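Architecture and fold: a report
Listed here are the chains, written in short residue letters.
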Amino acid sequence: MPRSHSMPDISARLAHSNRANPCYMFLMSSNPNRLSISQMAAPRPPAAKGDAPYLDGLNPEQRDAVMTTEGPLLVLAGAGTGKTRVLTARLAHIIGSRLAWPSQTLTVTFTNKAAREMRERALRLIGDAGEGLRWLGTFHSISAQILRQHAELVGLKSSFTILDTDDQVRLCKQIIVAENIDPKRWTPRYLAGLIDGWKNRALTPDRVPADEAFNFGDGKGIKCYEIYQARLKVLNACDFGDLLIHNITIFQQNPDLLKDFQSKFRYILVDEYQDTNVAQYLWLRLLAQGSQNICCVGDDDQSIYGWRGAEVDNILRFEKDFPGAKVIRLERNYRSTKHILAAASSVIAHNRGRLGKTLYVGDDNAIENVDAAKVKVRGLWDGEAESRLIADDIESWVRSGGKHDECAVLVRASWQMRAFEERFILLGIPYRVIGGPRFFERAEIRDAMAYLRLIRSPDDDLAFERVVNQPKRGVGNTTLAKLQAYARADGRSLFVLTPMVLQTDEIKGAAKRGLTQFIDQISMWRDRLANGMPHTELAEVILEESGYTDMLQKDRSPQAQTRLDNLKELVRAMGEFDTLPGFLEHVELVMDASTGGADEDQVQILTLHGAKGLEWPVVFLPGWEEEVFPSKRSLDESGLKGLEEERRLAYVGITRARERAYISFVANRQIYGRWQSVMPSRFVDELPHENVEVVSETGYSGMPGGDDAFTGSIEDLGERSNYQSPGWKRLKENSAKYRSTGAPRDASDLTATSGGPEAFRKGQRVFHDKFGYGRVAFSEGNKLTVDFEKSGRKKVIATFVTLA
DNA sequence: TATGATAGCTTTTTT
DNA sequence: AGCTATCATA
């Protein structure tokens, strides 16, 4: 491959950009991280001819993507084609061959995790040279940095706070109430979503199309948005969307400043470009207009975040948006067997409007492919049979020398996890649920954070409202409403105004005492911090003196102890930061507590969304049924667009597997507590016959049979299981229940419908909501096989039919 | 103001 | 089914 690839003439480019950007000189002298003129003029060591360590083992396309540094470049990287590797090698190349200093590169990712990984891998490639990669981060953390520097340009103080989703919704609720809108018909959550959606599209209130006002409160949508923004300004706060929007506003209104940034960022790298929304796209385009050196890496087939504003169009339109763009396709897959790739390709081929890539097996794993297993597709009776089968498969995988952490169960929605948790607990299979409510989203953590926020910024009304009566101080809604009315009239914050209201007789009794104590305590804690009390100690003091700890200790509910533990963990996490503001800033943006224990040998259970970017030797894909996957809601809300996104999700799911993929669907499933007959997902029929092995298990398509095997009892619950997971807790509770009433005879008692169905007999005429009339062919416990007049033979649950 | 009952809703997830 | 948010009641 192109060893002869010539290095672009950088000195000429630099000279040119100096001329083109008059403010560049100024920037250089003002910014310590910038190259001095002499540094820029200094001769560089000749670039090594393709021997750089970061080029080792790259295939020709990957190499091309790394070496094509100048001009816009789109790298279409299919699943498992070494995307992250290319991105980090490219960064290493740019820095290692002195095309730019680390501080002159901008690398954006979507998640903190991806940013962390990228930084680590880049540093591994280039060592100390990579230090100073301070513009490597998420869209939000980078735009927050920029906004802190220039907050005054959009009317904020640089100390602005960043609201989380919870705060946003509460703010929306206040606006709805103030505007006399019926909060049942128009929910706060919906308004928050609407505003988020507008911000994703980079629409400030003045730019929202007029008719969209009617999306909320009979035409009050835009007005609510305006009020919301005004409130944020008063609170000196931003929501996540604002970070980007304010950046864009600043860039657009201050061309000189924009030019500074354009020349500052000589090379821009973007990960997961298919997930960008309009605001992110505009932000990138503004920044890239200087150097034009923007490299976006993505895969249109893995765009699965349309529901939160991602525009697949961004990637589809790249060549138009950035004229002269080069496109490189990475299609050699180094991850999966040919059957797995064929299955994934066959499904995704049903989507229209793709950029089109065909994955093929990279050379390295071709040999193993000779006896590679086909993708297994299995239909089962119900969710319980499905989890039982998957658990059995995992056990035999482990018995034959495999490990638990080589297996993953990928579900469409988190409610589907439960069946697997229960089964794994029963069998003592170690597992871990990935995702779910995060540490900093827990109520007790938010409460503690609100105390700290209020100490940092007295004007943080949302924090005030959150904890003024937490623990109970006799300050109820009535009192709070009074205070809010005063604050609204006066224009100052609750914390400032409350002492003044307390001077009057407006508030009496318990409320008055509670408020006085609250204000006094907050002031006192703030003084202690000012007088040098370490912030971790302060946090402990607050939890103790506010009565928060007491409240939890008195709480007899099972979660109370976990909550106390979480608070301890919070204090510990604070210790990793030198100052309180530093800690709060981190939490607002990162919302992530490094939780250990990833190195244990556990089966992973996670959603398909959560699985993107990960891989396992063995992947289970349960629940491939219409209305579950593709999800009914997705189809209802977004039609064909929604369906195609679901299909991409299927593609993501299949391509997570290295060696074995097991797809399954059931005939009957309990959804929202109701039994439903379900049809196999259309995606099942989009799989290629040649690469798939259809295993007909008892229950779905075959004859009724004894597929109930007794495998264990509740009493066997081992110490090995993950005692923190929701499933474990539930089962422990169930187990207590069963002990008093008699233990279940077999595992199926755990999930089977109670309330004995009438005994159906062969030959009886029955009626079923979905299939209509039919006659019972077999009857086995609560499972019936019925010959329906219109839809033929089906297996259904007895409680699901009535005698006709 | 605090508490218990009930009505309603339910994907996916980051920042 | 299970959670939460809101409402009626003490």
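Not measured: the values here are computed from a predicted model.

1. Topic: the state of the cysteines
Using the criterion set out here, one finds zero disulfides in the structure. Sulfur of cysteine 296: no disulfide; nearest cysteine sulfur belongs to cysteine 295 and is 6.7 Å away.

2. Considerations on helix α29 (residues 632-654)
The end-to-end C-alpha distance of α29, which contains 23 residues, comes to just 21 Å, noticeably less than the 33 Å that a straight helix rising 1.5 Å per residue would cover. At serine 638, α29 shows its maximal bend, which comes to roughly 140°.

3. Considering the protein's contact with DNA strand B
With respect to spatial proximity, 30 residues lie near DNA strand B, and among them Arg412, Ser414, Arg438, Thr479 and Thr607 are the closest. Restricting attention to atoms of DNA strand B within 4 Å of the protein, one finds that 52% of them are sugar or phosphate atoms. Here arginine 308 contributes a side-chain N or O atom positioned 3.4 Å from a sugar or linking oxygen of DNA strand B. Between DNA strand B and serine 414 there is a distance of 2.3 Å, counted from a phosphate oxygen to a side-chain nitrogen or oxygen. Residue assignment for the surface near DNA strand B shows that the elements contributing at least two residues are α21 (477-490), α27 (580-590) and α29. Examining the composition of the surface near DNA strand B, we find that four residues originate from one element, α29, more than from any other. Here the surface near DNA strand B is composed, by residue class, of eight nonpolar, 15 polar and seven charged.

4. Looking at the packing of aromatic side chains
Throughout the structure, instances matching the rule amount to 22 aromatic pairs. A centroid spacing of 5.4 Å and a plane angle of 85° characterise the contact between phenylalanine 464 and phenylalanine 518, whose relative ring orientation is edge-to-face. Remark: phenylalanine 518 occurs in helix α23 (residues 509-530) and phenylalanine 464 occurs in helix α20 (residues 461-467); sequence separation between them is 54 residues. Look at phenylalanine 518 and you get buried, because its relative accessible area is 0%. In textbook terms, an aromatic cluster arises when at least three aromatic residues are bridged by ring pairs, as seen for Trp135, Phe251, Phe261 and Phe265. Geometry around tyrosine 305 places arginine 308 over its ring, the cationic atom sitting 3.7 Å from the centre. The ring of tyrosine 281 carries arginine 317 above its face, with NZ or CZ at 5.1 Å from the centroid.

Analysis parameters
- Residues numbered from 1 in each chain as written.
- Chains lettered and ligands numbered in written order.
- Predicted model: local features only at pLDDT ≥ 70, side-chain atom pairs only at ≥ 80, totals over all residues.
- Heavy atoms only, no water.
- Disulfide = S-S within 2.5 Å.
- Helix = DSSP H or I, 4+ residues; strand = E, 2+ residues; numbered from the N terminus.
- Expected span 1.5 Å × (residues − 1).
- Bend = angle between axes of the 7 residues up to and from the residue.
- Near = heavy atom within 4 Å.
- Polar contact = N/O pair within 3.5 Å; in protein donor to acceptor, adjacent residues only side chain to side chain.
- Nonpolar A, V, L, I, M, F, W, Y, C, P; charged D, E, K, R; others polar.
- Phe/Tyr/Trp six-rings, centres within 6.5 Å; stacked < 30°, edge-to-face > 60°.
- Buried < 20%, exposed > 50% of the residue type's maximum accessible area, 1.4 Å probe, protein only.
- Lys NZ or Arg CZ within 6 Å of the ring centre and 35° of its normal.

In short, geometric facts, not functional conclusions.
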